[in-house]
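Here are the chains, one letter per residue:
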Amino acid sequence: MKHWFSDLVAFQRDPLNFFLERGSNATEPLVPLSMGPYPVMLVADPNLIKPIMKADEAEIDKGRLIYKLREIIGRSSMTLSGESHKARRAALHQQLARGLATSYVPQISALVRQQAAALALEEKFDAHHATSRLTLRVICTILFGPNVLTRADENMLVEAIQLVEDDLAADIFKVLPDLPWVRRRKKARMQRGRDMMTFVVNRARAKASDASILRALEDLRLAPDEFGDEVLLLLLAGHHTTGTAAAWLLYHLASDPVLAARLADEAERVSDDAGEVIPGRLATAPVSLGFVREVLRLYPSAWWLSREVQRPLELAGRKLKRGTSLLISPWHLHRDPRFWDDPLVFNIERKFSGAAYLPFGAGPRACVGMGVGMLELQLLALDFAAAYSLLPLRVQPSDPKPSITLLPPDLPLHIKSRATGRSMWPVTHGV
Ligand code: HEM
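Counting restarts for each chain, with residues numbered from 1 along the sequence as it is written. Where local features are concerned, this predicted model is filtered to residues with pLDDT of at least 70; where side-chain atom pairs are given and counted, the filter is 80 or more; whole-chain, interface and lining totals use all residues.

1. Section: the overall build of the protein chain
Only DSSP runs of H or I with at least four residues qualify as helices, and only runs of E with at least two residues qualify as strands; both kinds are numbered from the N terminus onward. Per the secondary structure count, the protein chain includes 17 helices and twelve strands. Atoms counted for the radius of gyration: C-alpha only. Globule rule: 2.2 Å times the number of residues to the power 0.38. The C-alpha atoms of the protein chain give 22 Å as radius of gyration, which agrees with the globular expectation for 431 residues (22 Å, within 12%). Across its three principal directions, the C-alpha atoms of the protein chain cover 65 × 50 × 40 Å. Working definition of burial: number of other C-beta atoms within 10 Å of the residue's own, with buried at 20 or more, exposed at 12 or fewer, and partly exposed in between, all C-beta atoms being placed from the backbone. Buried positions account for 43% of the 431 residues belonging to the protein chain. Across the protein chain, contacts joining residues at least 24 apart in sequence account for 76% of those joining residues at least 6 apart. Here the contact rule is simple: place C-beta atoms from the backbone, and any two residues whose C-beta atoms are within 7 Å are in contact.

2. Comments concerning unusual backbone geometry
Even without a glycine there, the phi angle at Ala316 is positive, about 50 degrees. Structurally, the position occupied by Ala316 is in the loop between strand S6 (313–315) and strand S7 (318–320). Accessibility expressed as a C-beta count within 10 Å gives 16 for Ala316, which makes it partly exposed.

3. What to know about the site of the ligand
By definition, a residue lies near a molecule or strand when the C-beta atom built from its backbone is within 6 Å of it. Neighbouring residues of the ligand: 26 residues in total, closest Gly238, Gly361, Cys367, Gly369 and Gly373. Secondary-structure elements contributing two or more residues to the shell around the ligand are helix H6 (82–96), helix H13 (224–255) and helix H17 (370–387). Here the element with the most residues in the shell around the ligand is H13; it accounts for seven residues. Polar here means any residue other than Ala, Val, Leu, Ile, Met, Phe, Trp, Tyr, Cys and Pro, which are nonpolar, and Asp, Glu, Lys and Arg, which are charged; Gly is therefore polar. Grouping the constituent residues of the shell around the ligand by class yields 16 nonpolar, eight polar and two charged.

4. A word on the packing of helix H9 (residues 127–144) against helix H10 (residues 151–172)
For the pair H9 and H10, the least separation of the axes is 10 Å and the interaxial angle reads 115 degrees. In terms of axis orientation, H9 runs roughly perpendicular to H10. Handedness of the crossing formed by H9 with H10: right-handed. Every residue of H10 that contacts H9 at Ser132, Arg133 and Leu136 is listed here: Glu154, Leu157 and Val158. Fitting a line to C-alpha atoms yields each axis, with helices limited to the stretch in contact; the angle taken between N-to-C directions then spans 0 to 180 degrees. In what follows, roughly perpendicular refers to angles from 65 to 115 degrees, roughly parallel to angles under 35, roughly antiparallel to angles over 145, and oblique to any angle outside these ranges. If you view the pair so one helix is near and one far, a crossing is left-handed when the near helix is turned anticlockwise from the far one by less than a right angle, and right-handed when it is turned clockwise.

5. Examining helix H11 (residues 180–207)
Across its 28 residues, H11 extends 41 Å between first and last C-alpha, which sits within 8% of the 40 Å expected from 1.5 Å per residue. If you check which residues of H11 are buried, you get Gly193, Met197, Val200, Val201 and Ala204. Where H11 is buried, its residues touch H9, H10 and H13. The span one expects for a helix is its residue count, reduced by one, times 1.5 Å.

6. So, the sheet that holds strand S5 (residues 305–309)
Pairing in this open sheet of five strands is mixed, and the strands run S1-S2-S8-S5-S3 from one edge to the other. A strand with exactly one partner marks an edge of an open sheet, and here the two such strands are strand S1 (30–33) and strand S3 (60–61). With four bridges joining them, S1 and strand S2 (residues 40–43) adopt antiparallel strand pairing. The residue of S2 that forms the bridge with Leu30 is Val43. For two strands to count as paired, DSSP must find a minimum of two bridges between them.

7. Observations concerning the environment of Phe5
You can see Phe5 is positioned in the segment before helix H1 (8–13). Residue Phe5 is classed as partly exposed on the basis of its 16 C-beta neighbours within 10 Å. As a C-alpha pair, Phe5 and Gly36 span 31 residues in sequence and 4.7 Å in three-dimensional space.

Written out as structure tokens, the structure reads:
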């Protein structure tokens, strides 16, 4: 007989494989999982995603698994519903909508180029170490205006995230309570992480320029705590997701000289005579767009999403009780051979439409920063490919680590400027 948490051990041992196996071998659209006292269903059929993600909040909403993130991001748009969510989302959308996001192109491009030049001086670097700092700079520039973070601030934020992320991830699917002293230690770590983040956010806010998203949020007249939570959410959701995907993007750029050459060509096509990217050309740049989409398919930063049934309902022929968690795993859906040809093959020419592709979620709670995230990754690919040769220093990287986001393993890379240095690539690189 199945115990009510019989799936938990397999999940905790290897969450990525667990979702992939259960999802890909599913014989029904909703797969019941025994992961604790509450009912949990894995959504194995992509056709259910729309009805779930677009359901009325009174029927299906965010739920307790997502609310656990409140320990860090408090009551912010990610964890709120109803009118308070709508008002915040509208304010953010006004600043971040896809068309508007392109106004950030010159700033993002400048930060990418600065970072690439600094890395080329070092010659060797770890991809995620570099991209986590770069994406932090980008989101801070968008949020607060240029040059508000010092190097020490950046390090403190990255350290704070590392401090809390694994505890938070482990707590989300926890069934048995921690022993008191373990709980105390975790609580202290969590508080310290949040204090470090709040310290940096307050310093940045004090230096913020007028033209930033911060001012739009101020117009909402939130209580000071709520305001702080919203800023912290933007900072975390806005950089950690992009930073982890960006690390894989650099790895694949380094591993595929033919792709690197195609991107370098495209960089020329989307730039003016002075080498500046023309924002209007990015939406129709197929190589970089396909590249970014394929990276987000194989390494979706948000590797699981969850919703909770708010009142008894029927879905896919199953009667679901109030409190049932519905888990959707982009990691599974993006790699399920039922929906993708050769799912493990990196192929930027795929067709990325369809319900089984959702790196940014779906429906009214889909990522509000999608335009900025896509833009950052596209510019990263184009700017690096335009001027640098990259080489992976480890041929077979380890698997990603599932935490709150999908963390990349060590991805050591070599970088050399193509203008000044001798290329390390064979002729196919088109130097
Ligand atoms: C590659 C980069 C990114 C990925 C993969 C990503 C992914 C996601 C996903 C999957 C969701 C939906 C979560 C759910 O349905 O439960 C989400 C929500 C959100 N994201 Fe992103 N994101 C990225 C970049 C960004 C950026 C750059 C920002 C801010 C500038 C941002 C801000 C947000 C916010 C505020 C929400 C909550 C939206 C709401 O509930 O209304 N994200 N993101």
